[in-house]
Amino acid sequence: MSTQRCEVCGGDLVEIELPVDGSDLVMRSCSPCDTRSWRRDGEEVDLDGVIADISSAPTRYKRSLSN
């Protein structure tokens, strides 16, 4: 298993993959320097683009919060 390193400080990166509307969004996070980056299908995207993708994706389920 290879560990990816942060380009800013060299710390270990954590990756979280989110499938959204047919695309793979990946958030990379470095805890030591608090750097985060987002990629969609392998291409770097700004956080604004990620928020737009997530907010435009159809809701997969609904649940009542009153129960």
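Residues numbered from 1 in each chain as written. Predicted model: local features only at pLDDT ≥ 70, side-chain atom pairs only at ≥ 80, totals over all residues. Heavy atoms only, no water.

### Points about the pairing of strand 2 (residues 23–30)
For a regular strand, the rule is simple: side chains alternate between the two faces of the sheet.
Then, in step 1: In terms of burial, strand 2 is a largely internal element, 6 of the 8 residues being buried.
Then, in step 2: Judged from the 8 bridges that link them, strand 1 (residues 13–20) and strand 2 form a sheet pairing that is antiparallel. Residue pairing in the sheet places Pro19 in a bridge with Asp24 of strand 2.
Then, in step 3: Counting the residues that bridge the hairpin from strand 1 to strand 2 gives 2 residues, and of these Asp21 lies at a positive phi of roughly 50 degrees.
Then, in step 4: Two strands pair when backbone bridges link them, and strand 2 and strand 3 (residues 35–40) are joined in this way by 6 bridges, in the antiparallel orientation. By the bridge assignment for strand 3, Val26 is matched with Arg39.
Then, in step 5: What sits between the antiparallel neighbours strand 2 and strand 3 is a turn of 4 residues, in which Asp34 has the positive phi angle 60 degrees. (Buried < 20%, exposed > 50% of the residue type's maximum accessible area, 1.4 Å probe, protein only. Helix = DSSP H or I, 4+ residues; strand = E, 2+ residues; numbered from the N terminus. Pairing = 2+ DSSP bridges.)

### Description of the nonpolar core
Then, in step 1: Membership of the largest hydrophobic core is limited to 6 residues, which are Val20, Leu25, Met27, Trp38, Val45 and Val50.
Then, in step 2: Each residue touching Val45, except ones within four places of it in the same chain, is listed here: Trp38, Arg39, Arg40 and Val50. (Core = buried A, V, L, I, M, F, W, Y, C linked by side-chain atoms within 4.5 Å. Contact = heavy atoms within 4.5 Å.)

### Observations regarding the pattern of salt bridges
Then, in step 1: Enumeration over the complete set of coordinates arrives at 4 salt bridges.
Then, in step 2: The shortest N-O distance in the salt bridge between Arg36 and Asp34 comes to 2.5 Å.
Then, in step 3: Looking at Asp34, the relative accessible area reads 52%, which means it is exposed.
Then, in step 4: Here Arg39 and Glu44 are joined by a salt bridge, their closest N and O atoms 3.6 Å apart. (Salt bridge = Lys/Arg side-chain N within 4 Å of Asp/Glu carboxyl O.)

### Brief notes about the side chain of Ser23
Then, in step 1: Relative to the helices and strands, Ser23 is located in strand 2.
Then, in step 2: Classification of Ser23 as buried rests on a relative accessible area of 17%.
Then, in step 3: Side chain to side chain, Ser23 and Asp41 meet in a polar contact 3.2 Å long.
Then, in step 4: Those residues in contact with Ser23, other than ones at most four positions away along the chain, are Leu18, Arg40 and Asp41. (Polar contact = N/O pair within 3.5 Å; in protein donor to acceptor, adjacent residues only side chain to side chain.)

### Description of unusual backbone geometry
Then, in step 1: Located in the positive-phi region is Asp34, a residue other than glycine, with phi close to 60 degrees.
Then, in step 2: By secondary structure assignment, the location of Asp34 is in the loop between strand 2 and strand 3.
Then, in step 3: A positive phi is found at Asp41, a non-glycine position, where the angle reads about 50 degrees.
Then, in step 4: Looking at the element boundaries, Asp41 is found in the loop between strand 3 and strand 4 (43–45).
Then, in step 5: Residue class for Asp41 comes out partly exposed when judged on its relative accessible area of 49%.

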